[in-house]
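Structural features, examined
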Amino acid sequence: MRAQATWFLDQRTLLRHQTVKGFGQDFCGYLGQLIPRIGQLADVLPPDDVPARVALAGVGEACRRLGEEGAAGLYGEVERVKRLARSVVARCDHYDALTGLVMCLACDKPIEAGDAWVPYDQVSPSGGVARAGRIHCRCANAPRRH
C-alpha cells in the first residue's frame, strides 16, 4: 500500500487518465481496509492516548477525502488521487505507530528485531515533505531503478 502510494506521489510527469483512475480505486480500497483497522486499534487504547487520537483525526480526514467526487480533467484528477495517496501513506504510518511495527521505507516490509537497519531521510519531490524512518541494510545497498 505504502509503496504504491509513495510511487504515485513521486511521479514527475502526468500519467494517463485511466491509469490515474485505477490508482484512485486502489487507494480507496486501501483506505477502506485501513480505516476500520485503525479504529479497532484506537478503541482498545486509553482515551488520552495521543497517537490513537491523532490516528482517529487522520481517519476523519481520510473519510472526507474518500467522499470527494472525481475531478474534472487529468490535472484535477491527479491532484485528487494524490490526496488519497497521502492519506494512504499517513494511515499506514498511524497503523504502524499503533501496532508498534517499524517498516522499511525502501521495501515496505517490517524491520524485525535483529534485522540490520540504517536511518533514512527522503525529501519528496511531490511536496517537499521529508520522510524519515529506517531501511534494511540490504535495501540501502540494493540498486535502484530510476
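Conventions adopted
- Residues numbered from 1 in each chain as written.
- Predicted model: local features only at pLDDT ≥ 70, side-chain atom pairs only at ≥ 80, totals over all residues.
- Heavy atoms only, no water.
- Helix = DSSP H or I, 4+ residues; strand = E, 2+ residues; numbered from the N terminus.
- Buried < 20%, exposed > 50% of the residue type's maximum accessible area, 1.4 Å probe, protein only.
- Areas by Shrake-Rupley, 256 points an atom, 1.4 Å probe, with all protein chains shown as cover.
- Arc of directions from axis to C-beta.
- Salt bridge = Lys/Arg side-chain N within 4 Å of Asp/Glu carboxyl O.
- pLDDT = per-residue confidence, 0-100.
- Axes fitted to C-alpha atoms, helices over the stretch in contact; angles between N-to-C directions.
- Parallel < 35°, antiparallel > 145°, perpendicular 65-115°, else oblique.
- Left-handed = near helix turned anticlockwise from the far one by under 90°.
- Contact = heavy atoms within 4.5 Å.
- Nonpolar A, V, L, I, M, F, W, Y, C, P; charged D, E, K, R; others polar.
- Disulfide = S-S within 2.5 Å.

Focus: the overall build of the protein
- Helices and strands together make up the secondary structure of the protein, namely five helices and two strands.
- Element order for the protein, N to C, with α for helix and β for strand: α-α-α-α-β-β-α.
- For the protein, the residues scored as buried account for 34% of the 146 residues in total.
- When the accessible surface of the protein is summed, it comes to about 8,600 Å², and 55% of that surface belongs to carbon and sulfur atoms.

Concerning helix H1 (residues 2–9)
- Arg2, Ala5, Thr6, Phe8 and Leu9 are the residues of H1 that are buried. Taken end-on, H1 shows its buried residues confined to a sector of 160°, consistent with a single buried face.

Quick notes on the pattern of salt bridges
- The full count for this structure, using the stated rule, is eight salt bridges.
- With a shortest N-O distance of 2.6 Å, Glu77 and Arg80 are connected by a salt bridge. Placement of both Glu77 and Arg80 in helix H4 (residues 73–99) is noted, with a separation of three residues, approximately one turn of the helix.
- For Glu77, a relative accessible area of 1% corresponds to the buried category.
- With relative accessibility at 10%, the residue Arg80 sits in the buried group.
- Across the pair Glu79 and Lys82 runs a salt bridge, and its minimum N-O distance is 3.9 Å. Note that Glu79 and Lys82 are positioned in helix H4 at a spacing of three residues, about one turn of the helix.
- Among the residues examined, Glu79 registers a relative accessible area of 23% and is labelled partly exposed.
- Note on Lys82: relative accessible area 14%, which makes it buried.

Thoughts on the confidence of the model for the protein
- The pLDDT averaged across the protein works out to 86; a share of 89% of its residues lies at or above 70.
- Within the protein, no element has a lower average pLDDT than strand S2 (residues 130–136), which sits at 67, and none a higher one than helix H2 (residues 17–43), at 95.

Here's the deal with the packing of helix H3 (residues 50–66) against H4
- At a minimum axis distance of 10 Å, the contact between H3 and H4 shows a crossing angle of 155°. Classified by the angle their axes make, H3 and H4 are roughly antiparallel. The crossing of H3 and H4 is left-handed. Side by side, H3 and H4 meet where Pro51, Ala52, Val54, Ala55, Gly58, Val59, Ala62, Arg65 and Leu66 of the first sit next to Arg83, Leu84, Arg86, Ser87, Arg91, His94 and Leu98 of the second.
- Partitioned by chemical class, the residues of the contact of H3 with H4 number nine nonpolar, three polar and four charged.

Observations regarding the state of the cysteines
- A full pass over the atoms with the stated rule returns zero disulfides.
- Cys107 forms no disulfide, and the closest cysteine sulfur to it belongs to Cys104, at a distance of 3.6 Å.

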